[in-house]
Amino acid sequence: MPEFKLKVNNRQVKVDVESDTPLLWVLRDTLGLTGTKYGCGEGICGSCTVHINGKAERSCSIMIKDAAGKSITTIEGLAENPDNPIFRSWIELEVSQCGYCQPGQIMSLAALLKEKPKPTETEINDAMSGILCRCGTYHRIRKAIEKIVEEGK
Amino acid sequence: MKKYTRREFVKVVGISGSGLFLAAYVPAHGFLTKPGDEPKIFAPSVYLKIDSNGIVTITVHRSEMGQGVQTSLPMMVAEELECRWEDIRIEQADGDPRFGHQSTGGSQSIRRTFEPFRIAGATAKEMLLSAAAIKWGIEIKDCKAENGFVFNKLNDKKISYGELVEEAAKLPVPANVKLKDPKDYKIIGKRVHRLDTKPKIYGAAKFGIDVVLPGMLYASVSRCPTIGGKVKTFNGDKAKEIKGVIDVVEIPQGVAVIADTTWNSFKGKNALSIEWDFGPNVDIDTDAIRKNMVLHLEEDGSEIENRGNLNFDAPDLITIDAIYEVPFLAHAPLEPMNCIATVKNGKAELWAPSQNPQGARTEVAKALGFKEEDVVIHVTLIGGAFGRRLISDWAVEAALISKATGKSIKLTWTREDDMKHSTFRPASMHKVKGSVDKSGKLVNFYHHVIAESITAQRFNRNIPVKDADIGEGTRRLAYQFPNLKITGTIVPTHVPVSWYRSVYNTQNPFVVESFIDELAYEAKRDPFEFRRDLLPEDSRLRNVLIEAANKSNWFSKLPEGKGRGIACFEGYGSFCAEVIEVSVIQTNEIIIEKVTAVIDCGTVINPDTVEAQLEGAIVFALTAALKGEITIRDGGVVEKNYDDYQLLTYSETPVIECHIISNFEKVGGVGEVGIGACAPALCNAIFAASGKRVHKLPVKLI
């Protein structure tokens, strides 16, 4: 099998998988990073969102051959700094219910805030509307984002 | 004194475990010792252990699927035990009859545990107080429990719970312990942070799909696209050529591909060549099901309720009628169905995101031909359930694949599998007819509900319509209609149906509360006042309705194109009213501006969780009302993913304002009560904004 090198959460890794394997399954099944979730497999629900070279991407829709050589951050990588304002505000407002989509929500927001620390409402809507939540935590996600943006001013 | 080993202890509680409540499981002495130098453990109930380090472990036998049971159940124990909240640890219970009723559904978790979990805490506290009193040679009345310590009131000395467990365990378990006066609650009713939040947001929490066993293989199953169809013949050669595919096996549900990764199992599945026997339902489609229901519309239906004397021919009445309709719906939780199974040497061990682990155990045992005691079901965190995980089809599949291969396997359904092979919220049609008189009073109310009965289909039972599930949400209404008749017709559809967050309360209240709005309009009455005047003066439903009107500024003027709708619902021991404000743009686009919800669920355990459940129920109900529709064609489900079965998104979600009525009434359910009023409040708002009455869901304005 082909061997691919990539950086995951600031560590160099080598994986031996078929070149069409989606990054999602490499992270979950090969590297054991199960914080990145499978929801739809077609880039619709956003549960599998990770950062590739700093940008939010759907890991279910990116083959390992296209991720090779790049730097990937997963929720486990982001959580190496639990003081991230996103985590603090997610805890304070108790955003999670079942929690399954939350890594995707958080990764999507983290990429946005990195690029635009003071995003407009439209920018927030664009970044967050592609991440589905069946428990309906959107209302609290909005409050949490408002709090982060307010405190970051 | 006899010291129980862990195994013996389990046996002891197992033997006494025939009743439903905690008291039935209390052993004569609550002591057990683990092998070696482990801490001593005091276990006065099957739900509670305290060790000599003072760690309080609470066994939660309800599944955590987002509703917060892993926090709220411990809160009830901690309240009475007077322990420190930071000393609490959680264990999720396996599926076992010794825990009593264990299925997480019907908004029952808190309602069924409020007594036994408080009693567990109070019993342990009582025994710890006695142990301290004996140690100090004083009377119990001179001891006080607080923050994980017993204090000697005579000299202010204190001793920790951990230091008392060995003595406490020797004492007989007291009966009839006294519970706190609600006014003295320190934890119950407070906003307590959830214990499961951090692992969930850090990506460390393990849902079913995240469980990994050593040497585990990955499986996926190809199932017949038609309902009730099966495999005729298959060829797995092409699948086996795919790198990583290890085996292909047939099970009654379809053909399973076993591989070294989830992805390779999916690839193998797509490479299978299967000839299907499409079975008896190949001609079923949504139109045919609908036409069959339409045939029943003109019939009277079997009586469910009859009060007064319905007479549409009386003079001076304004009488209207309408037909309402809702489609099949899928639960579509974000975590697709999955299960991990090891079946070896006549024993089965499963890791299952199940709402119903006892049921899963029974079904898996039956499918494997095992005794139930040879099947262990570990319950994992659940990434959304909404009723889908009360059904254990996926657990049975995983067990059968593991048995066939002799390996530990993780079965993962694709999203398409999950959508097409779900068990669905039944579709239904409704005929309503009602009259108001010239003074604006409601005189007649008739409702005929036509739907498949879940209970009848799943348990193959012939249930009298009078008592059937299809009457939920229209039976025993609080409204004081002078003349009322509710009837029903159970219609088999052959589409597999199951319980879905609030079940028939997603459809009957939509009809009842929409039609009351229509009647209020005919009576030229304000829809809030019209409802209020039909409800008994002292009713809690009336109270939440009035509060919802107040909090939403019901009578304030709205500009052209905007409107407010109101509706109320009673169920699960709780009461809820909602006011929804919408804009309807000329292109028929609907923007939901705001939802104001008022709930009275009696005694509140964690207000933050109550609000979260209400917010979630509203989004769930809005999703169904605006977007939800499962279509049947050629005997199978058309929808396949979240692109054709859409969910409400972040930007579409309105501002949601929740208000809790504070009281110490009997504890009520909160997971589902927010659903019933939502679709009708939305549709009534659409009418107020646009003059267009919605009779069919999902909403499509033309």
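Keep in mind the model is a prediction, meaning the values are calculated, not measured.

S.K.: I tried to follow the overall build of chain A on my own but got confused; where do I start?
M.R.: What chain A contains, in helices and strands, is seven helices and five strands. Tracing chain A from N to C terminus, the helices and strands come up as β-β-α-β-β-α-β-α-α-α-α-α. Against the 2.2 N^0.38 benchmark of 15 Å for 153 residues, chain A shows a C-alpha radius of gyration of 15 Å, consistent with a compact globule. For chain A, the spread of C-alpha atoms along the three principal axes comes to 50 × 30 × 25 Å. Out of the 153 residues in chain A, the part that is buried amounts to 60%. The contacts in chain A between residues at least 6 apart in sequence include a share of 56% that link residues at least 24 apart. For chain A, the computed accessible surface area is about 5900 Å², with 46% contributed by carbon and sulfur atoms. In chain A, 20 positive and 20 negative side-chain charges are present, and the distance between their average locations comes to 3 Å.

S.K.: Got a minute to help me understand the sheet that holds strand E7 (residues 149–152) of chain B in this structure?
M.R.: Sheet strands pair by backbone hydrogen bonding; their relative direction is either parallel or antiparallel. Residues and elements named next belong to chain B. Spatially, E6-E7-E8 is the arrangement adopted by the three strands of the open sheet, whose pairing is antiparallel. Looking at the sheet topology across the chains shown, the edges are occupied by strand E6 (143–146) and strand E8 (158–160). Ignoring which end each strand starts from, the neighbouring axes of this sheet average 25° apart. With four bridges connecting them, E6 and E7 associate as antiparallel partners. What sits directly across from Ala 145, in E7, is Val 150.

S.K.: What is the right way to look at the side chain of Arg 531 of chain B in this model?
M.R.: Residues and elements named next belong to chain B. The topology assignment puts Arg 531 in helix H14 (residues 527–532). Engagement of the side chain of Arg 531 in a polar contact is seen with the backbone oxygen of Ile 566, the distance being 3.3 Å. Here Arg 531 is in contact with Tyr 479, Glu 513, Ile 516, Asp 517, Leu 545, Ile 566, Ala 567 and Asn 684, once residues within four sequence places are set aside.

S.K.: In this structure, what is going on with the confidence of the model for chain B? I would like to understand it.
M.R.: Close inspection of predicted coordinates is inappropriate in any region flagged by low pLDDT. Across chain B, the average pLDDT comes to 93, with 95% of residues at or above 70. Between residues 1–35 of chain B, whose pLDDT stays under 50, and residues either more than four places distant or in other chains, the model counts 70 contacts.

S.K.: Help me out: how do you make sense of helix H17 (residues 678–690) of chain B in this one?
M.R.: An α-helical turn contains 3.6 residues, so a residue and the one three or four places further along point in the same direction. Residues and elements named next belong to chain B. Helix length check: H17 (13 residues) gives 18 Å between terminal C-alpha atoms against 18 Å at 1.5 Å per residue, within 8%. In terms of burial, H17 is a largely internal element, 11 of the 13 residues being buried. Listing the buried residues of H17 in full gives Cys 678, Ala 679, Pro 680, Ala 681, Leu 682, Cys 683, Asn 684, Ala 685, Ile 686, Phe 687 and Ala 689. Packed against the buried residues of H17 are helix H13 (508–522), H14, strand E23 (562–571), strand E24 (574–584), strand E25 (590–600) and helix H16 (607–627).

S.K.: How should the packing of helix H7 (residues 138–152) of chain A against H16 of chain B be read in this particular structure?
M.R.: If you want to describe how two helices pack, look at the angle between their axes and the distance between the axes. Running from N to C, H7 of chain A and H16 of chain B point in directions that differ by 115°, and their axes come no closer than 9 Å. On H16 of chain B, the residues that touch Tyr 138, His 139 and Arg 140 of chain A of H7 of chain A are Asp 608, Glu 611, Ala 612, Glu 615 and Val 619 of chain B. Class assignment for the residues of the contact of H7 of chain A with H16 of chain B results in three nonpolar, one polar and four charged.

S.K.: Looking at this model, I keep getting lost on the interface of chain A and chain B. Mind explaining?
M.R.: A common way to express how large an interface is: the accessible area buried when the components associate. Facing the 50 residues of chain A at the interface are 61 residues of chain B. When chain A packs against chain B, the two sides together hide about 4800 Å² of surface, and 57% of this comes from carbon and sulfur. Broken down residue by residue, the surface that chain A buries against chain B is led by Glu 94, Gln 97 and Arg 134 of chain A, which jointly contribute 18%. Of the charged contacts, one joins Lys 37 of chain A and Asp 210 of chain B as a salt bridge, the two residues approaching to 2.4 Å between their closest N and O atoms. Our count for the chain A to chain B interface comes out at 27 residue pairs in polar contact (both at pLDDT 80 or more). By residue number, the principal contributor to the side of chain A that touches chain B is H7 of chain A, which donates six residues. Considered class by class, the residues forming the side of chain A that touches chain B number 26 nonpolar, 12 polar and 12 charged.

S.K.: Would you take a moment to explain the side chain of His 139 of chain A for this structure?
M.R.: Topologically, His 139 of chain A is positioned in helix H7. Residue classification places His 139 of chain A among the buried residues on the basis of a relative accessible area of 7%. Apart from residues no more than four positions distant in its own chain, His 139 of chain A is found in contact with Glu 615, Thr 653, Pro 654, Val 655 and Ile 656 of chain B.

S.K.: Can you walk me through the domain arrangement of chain B in this structure?
M.R.: Residues and elements named next belong to chain B. Domain parsing of chain B yields domain 1 (6–188), domain 2 (212–279 + 333–420) and domain 3 (286–329 + 424–690). Distance between the C-alpha centres of domain 1 and domain 2: 38 Å. Between domain 1 and domain 2, the residue contacts involve 14 residues of the former and 15 residues of the latter. Carbon and sulfur atoms make up 49% of the area that domain 1 and domain 2 hide from each other, which totals about 1100 Å². When the buried area of domain 1 at its contact with domain 2 is split by residue, Met 65, Asp 94 and Gly 95 rank highest and sum to 39% of it.

Rules used throughout
- Residues numbered from 1 in each chain as written.
- Chains lettered and ligands numbered in written order.
- Predicted model: local features only at pLDDT ≥ 70, side-chain atom pairs only at ≥ 80, totals over all residues.
- Heavy atoms only, no water.
- Helix = DSSP H or I, 4+ residues; strand = E, 2+ residues; numbered from the N terminus.
- Rg over C-alpha atoms; globule rule 2.2 N^0.38 Å.
- Buried < 20%, exposed > 50% of the residue type's maximum accessible area, 1.4 Å probe, protein only.
- Contact = heavy atoms within 4.5 Å.
- Areas by Shrake-Rupley, 256 points an atom, 1.4 Å probe, with all protein chains shown as cover.
- Lys, Arg positive; Asp, Glu negative; His and termini not counted.
- Charge placed at Lys NZ, Arg CZ, Asp CG, Glu CD.
- Pairing = 2+ DSSP bridges.
- Axes fitted to C-alpha atoms, helices over the stretch in contact; angles between N-to-C directions.
- Polar contact = N/O pair within 3.5 Å; in protein donor to acceptor, adjacent residues only side chain to side chain.
- pLDDT = per-residue confidence, 0-100.
- Expected span 1.5 Å × (residues − 1).
- Nonpolar A, V, L, I, M, F, W, Y, C, P; charged D, E, K, R; others polar.
- Buried area = accessible area lost by both parts, 1.4 Å probe.
- Salt bridge = Lys/Arg side-chain N within 4 Å of Asp/Glu carboxyl O.
- Domains from an automatic or database assignment.

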